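Here is what each chain is made of, one letter per residue.
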Amino acid sequence: MSNNRIVTSPSERVQALSDSFKDVLSLGQKYVDLLDRLAQTKDTKDLLAATIKLTKMDLANAFVNFPPHYKAADYFLIFMDRLLKMHGDTAVNVTENELNHEFEATMASIGNEAIFKFEIDSRGEAAFTEQSQHEPLFYLSLEDKLMQFNNRTLVNYFIIYALNQHTDLELRDAVKPLIDFAKYLQQDLDFTIDLGILATANDRRFMLDKPDLPLTVIDRLFVATADEDYMLMNLPRNNGAELILDQGTKLDIAFDPDDYSQEWAFLVEDPDEQVSFFDVLLHYGLVRKWYLADRDSLAVRTDHMEIADDEEAVPDSASLAVDQSDEEAEVTTKKDDSEENDE
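Predicted, not measured: the structure shown is a model, and the values here were computed from it.

A word on the sheet that holds strand 11 (residues 250-255)
Item 1. A sheet is described by the order of its strands in space; here five strands give the open sequence 8-12-11-10-9, paired in antiparallel fashion. Strand pairing shows two members of the sheet lacking a second neighbour, strand 8 (205-207) and strand 9 (231-234), which therefore form its edges. Across the sheet, the mean angle from the axis of one strand to that of its neighbour is 20 degrees, orientation sign disregarded.
Item 2. Taken together, the five bridges between strand 10 (residues 240-244) and strand 11 define a ladder with antiparallel strand orientation. When the bridges of strand 11 are listed, L243 appears paired with L251.

So this is what it looks like as structure tokens:
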């Protein structure tokens, strides 16, 4: 007998309702258990597993309406809050909006006017997004253990917009917990992270979105530094220029003369590897003004990490293999179009 026949008799209707309640009660118990784990677990791996299951749980039922419950974006933010708190980091304040019952985050150093939420796309990738300017600062995939900052929006929000309302030190303190969150993901949960222009390693090259750079752009930097205390010099192999800033910090705009592609990039060096290209833009008005004036030429690209379908995946040296509990995904580094990825 077919299981797809229409339920018409009273007894069949009652049995269908009973079965539906059983399903709901079972699902409800699983939901409650996951909520308890999300709120109480002290284990980061358990926290991640519970969050992933909650974001994928479907509570819809034809007969029974579940009580009000949170959305997938809320679980991402609760996960972030809990991971930070596990490390004693309280710089991000996560609260529930009483009007729409959604969770939102604020940064202690820049006050409650700047509100951040996660927004989730069709692939399940979440973007940590500032709500007034709608700038997605970083992308997070819990299942694939990927996190990546968006260079374009970091500049849009912090360097162009927020610097008009806050000091550079306040903004530095606002960015710090985001960087720490990335590091906790990497240390505790083996995430692959890309800090973008927030990276401080001296050997990190910040590739320009446009590989060719008009030399007149560098000429304008020479002009800008003429009456300043900073020294700008041509590099020994005529492959760019080096700006000497203070406290041993140097900013290069150059290409590798031994690389046939000769793509231009920024390189920041400092004695303690504590200064990023973002820091240079934030703290040095001379560089910031020059950079923004020629941003079309100087924008740093974001090689956005995406999950590719098996038939579309093209293995190369930039590919990243990420182990998953349910399946293996092939991760490729793929360049976004210039409108979305240059900062």
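Topic: the pairing of strand 10
Item 1. Counted residue by residue, strand 10 has four buried out of five residues, so it is predominantly covered.
Item 2. Bridge count between strand 9 and strand 10: four bridges; the pairing is antiparallel. By the bridge assignment for strand 10, M233 is matched with E242.
Item 3. Between the antiparallel neighbours strand 10 and strand 11 lie five residues, among them Q247 with a positive phi of about 55 degrees.

Details of the pattern of salt bridges
Item 1. Under the counting rule described, the total for this entry stands at 11 salt bridges.
Item 2. Its salt-bridge partner being E102, residue K117 comes within 3.0 Å of it at the nearest N-O pair. Taken as a pair, K117 in strand 3 (residues 111-120) and E102 in the loop between strand 1 (92-96) and strand 2 (103-107) lie far apart in primary sequence, 15 residues in all.
Item 3. Judged by relative accessible area, which is 15%, K117 ranks as buried.
Item 4. Linked through salt bridges whose partners overlap, the residues forming this network are K71, E102 and K117.

Description of the nonpolar core
Item 1. With 85 residues, the main nonpolar core has F128, F138, L140, F181, F266, F277 and Y291 as its most contacted residues.
Item 2. The element contributing the most residues to this core is helix 5 (residues 168-189), with 10 residues.
Item 3. Apart from residues no more than four positions distant in its own chain, F181 is found in contact with F79, M80, L83, L84, F138, L140 and M147.

Side note on the packing of aromatic side chains
Item 1. One pass over the full model with this rule turns up 20 aromatic pairs.
Item 2. With a centroid separation of 4.9 Å and 10 degrees between ring planes, the pair formed by F128 and F138 is classed as stacked. Remark: F138 occurs in strand 5 (residues 135-141) and F128 occurs in strand 4 (residues 126-130); sequence separation between them is 10 residues. Judged on exposure class, the residue F128 and its partner F138 are both buried.
Item 3. Geometrically, the ring pair formed by F255 and W264 is edge-to-face, given 5.1 Å between the ring centres and 75 degrees between the ring planes.

The rules we used
- Residues numbered from 1 in each chain as written.
- Predicted model: local features only at pLDDT ≥ 70, side-chain atom pairs only at ≥ 80, totals over all residues.
- Heavy atoms only, no water.
- Pairing = 2+ DSSP bridges.
- Helix = DSSP H or I, 4+ residues; strand = E, 2+ residues; numbered from the N terminus.
- Axes fitted to C-alpha atoms, helices over the stretch in contact; angles between N-to-C directions.
- Buried < 20%, exposed > 50% of the residue type's maximum accessible area, 1.4 Å probe, protein only.
- Salt bridge = Lys/Arg side-chain N within 4 Å of Asp/Glu carboxyl O.
- Core = buried A, V, L, I, M, F, W, Y, C linked by side-chain atoms within 4.5 Å.
- Contact = heavy atoms within 4.5 Å.
- Phe/Tyr/Trp six-rings, centres within 6.5 Å; stacked < 30°, edge-to-face > 60°.

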